[in-house]
Amino acid sequence: MKIAVLAGDGIGTEIVAEAVKVLLALDLKMEMESALVGGVAYDAFGHPLPPATLALAKASDAILFGAVGDWKYDKLERQFRPEQAILGLRKELGLFANFRPAICYEELVDASSLKPELIAGLDILIIRELTGDIYFGQPRGRRVATDGHFPGAEEAFDTMRYSRPEIERIAHVAFDAARKRSKRVTSVDKNNVLETSQLWKDVMIEVAQQYPDITLDHMLVDNAAMQLVKEPKKFDVVVTGNMFGDILSDEASMLTGSIGMLPSASLNASNQGLYEPSHGSAPDIAGKGIANPLATILSAAMMLRFSLGQADAALRIEHAVKAVLAKGLRTSDIYGKGGAGITKVSTLEMGDAVVAALA
Ligand code: NAD
């Protein structure tokens, strides 16, 4: 089992260090190799996804990824910005299927800004298409300035596009996932306005014919955004395009208490995957040792299950995370109002506690 460890920028290094600590504590036979990605790679090599980093990613069974980005790179031409590294990895490795489970742990019900009865027991799975849509449409904009900004420009544009095969393969992923859950899929689009969305909806309906045991319904993205906070538990598997999925999954993260709790997996057709927390590099708290490492640790568990065939080890991590939450340990993002039996811990202490709970 070969794992590429790409920690990236900001809190990326802090949270990935904890996930690596947890993986090592499992005492499995695995090889881990690190490389620079994002802003730190740009600083060192002049590119956010240097050839050596891409080669390591391609040669590995799985990639454990932290986060990339910092406002200080905003002035760079877009192709050199840290965020291009993650888009490049998705494209180069064909990572088209993004899984974002949003689970509300019983102990964190009060950390969410929503009423406890709305989110207690929440367990939904957002499946986001990851290599099409407006983020990959051409042309990507009318470049009138070299620094990535458009001073004085009258117009800028991006193109939203999807092809039938791209929609078909993510539809199969969603229906297959639903078969292992409650057999319901909600497809989210904007077909009342967008042609891309009409194709999306038509193809979803066609593919659904092959899954007579699955119930498919459709929802417009604006309504889905509302329903996710009004009645989140009525969803089970949600499948949607790249941009809508980007926004809805961040919204869903708050149902779980904090974006620091939400893991993700991005898989290609041969189950090679990139595993990362759903959040970014959080430059506002980087270096303070307070970031929540649990989303990254839970991403490592998804990696063991999906790409490395180690479902038992994945369960051990997930149980350990539940155990530390039950013990009352909280990083500041999930501390809420605190109270009796609740202890505020640092990034490092949270990682240590998960390792201790593994035993
Ligand atoms: P962000 O997710 O980094 O942060 C949003 C808020 O959540 C911040 O207040 C932050 O402190 C908090 N937060 C995030 N993760 C946390 C954690 N583990 N523990 C505690 N608090 C946490 O989003 P942003 O501020 O909009 O973006 C910052 C940078 O990250 C930008 O450069 C952006 O492009 C980049 N980004 C990268 C990725 C990625 O690497 N896949 C994803 C999203 C954003």
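Residues numbered from 1 in each chain as written. Predicted model: local features only at pLDDT ≥ 70, side-chain atom pairs only at ≥ 80, totals over all residues. Heavy atoms only, no water.

Any chance you could explain the domain arrangement of the protein here in plain terms?
Many structure descriptions define interface size as the accessible area lost when the parts assemble. Domain assignment breaks the protein into domain 1 (1-95 + 272-359) and domain 2 (123-255). On a C-alpha basis, the centres of domain 1 and domain 2 stand 25 Å from each other. (Domains from an automatic or database assignment.)

Which parts of the structure should I look at to understand helix α12 (residues 347-358)?
Along its 12 residues, α12 runs 17 Å from first to last C-alpha, staying within 8% of the 16 Å computed at 1.5 Å per residue. Taken residue by residue, α12 has T347, M350, G351, A353, V354 and L358 as its buried positions. Here the buried residues of α12 occupy an arc of 160° about the axis, which is enough to place them on one side. On its buried side, α12 packs onto α1 (12-25), α10 (294-306), α11 (311-326) and β11 (329-330). (Helix = DSSP H or I, 4+ residues; strand = E, 2+ residues; numbered from the N terminus. Expected span 1.5 Å × (residues − 1). Buried < 20%, exposed > 50% of the residue type's maximum accessible area, 1.4 Å probe, protein only. Arc of directions from axis to C-beta. Contact = heavy atoms within 4.5 Å.)

Help me understand the packing of helix α6 (residues 164-179) against helix α7 (residues 195-208) in this model?
Any two packed helices are characterised by the angle at which their axes cross and by the distance between the axes. Viewed as axis vectors pointing N to C, α6 and α7 meet at an angle of 50°, and their least axial separation amounts to 9 Å. If you check the angle between α6 and α7, you find them oblique. Once α6 is placed against α7, the crossing between them reads as right-handed. Judged by residue contacts, R164, I167, E168, I170, A171, H172 and F175 of α6 engage L199, W200, V203, M204, E206, V207 and A208 from α7. Considered class by class, the residues forming the contact of α6 with α7 number 10 nonpolar, 1 polar and 3 charged. (Axes fitted to C-alpha atoms, helices over the stretch in contact; angles between N-to-C directions. Parallel < 35°, antiparallel > 145°, perpendicular 65-115°, else oblique. Left-handed = near helix turned anticlockwise from the far one by under 90°. Nonpolar A, V, L, I, M, F, W, Y, C, P; charged D, E, K, R; others polar.)

Which parts of the structure should I look at to understand a nonpolar patch on the surface?
A cluster of nonpolar residues, L36, V40 and F45, forms a patch on the protein surface that exposes about 270 Å² of accessible area. Take F45: it is sitting in helix α2 (residues 39-45). Its relative accessible area of 59% is what places F45 among the exposed residues. (Patch = residues over 30% accessible without salt bridge, like charges linked within 9 Å, V, L, I, M, F, W, Y side chains within 5 Å. Areas by Shrake-Rupley, 256 points an atom, 1.4 Å probe, with all protein chains shown as cover. Salt bridge = Lys/Arg side-chain N within 4 Å of Asp/Glu carboxyl O.)

Explanation requested: the nonpolar core in the structure shown.
Generally speaking, soluble globular proteins have nonpolar side chains that are buried together. Counting residues in each nonpolar core, the largest one holds 65 residues, and the members touching the most others are L23, L64, F99, I127, L304, I317 and V321. Residues lining this core come from more than one domain, with at least three contributed by each of domain 1 (1-95 + 272-359) and domain 2 (123-255). Residues in contact with I317, not counting those within four places in the same chain, are V22, L26, I297, A301, L304 and L358. Core analysis: the second largest hydrophobic core is formed by 20 residues, V188, M219, V238 and L262 among them. (Core = buried A, V, L, I, M, F, W, Y, C linked by side-chain atoms within 4.5 Å.)

Please explain the pairing of strand β10 (residues 273-277) as it appears in this structure.
For β10, the tally of buried residues reaches 5 of 5 residues, placing the bulk of the element in the interior. Every second residue of β10 is oriented toward a common face, with G273, Y275 and P277 on one face and L274 and E276 on the other, all of them buried. The pairing of strand β3 (residues 62-67) with β10 spans 3 bridges and is parallel. Each bridged residue has a counterpart across the sheet, and for I63 the counterpart in β10 is L274. Two strands pair when backbone bridges link them, and strand β9 (residues 263-267) and β10 are joined in this way by 5 bridges, in the antiparallel orientation. Its bridge partner lying in β10, S266 is registered against L274. Counting the residues that bridge the hairpin from β9 to β10 gives 5 residues, and of these N271 lies at a positive phi of roughly 65°. (Pairing = 2+ DSSP bridges.)

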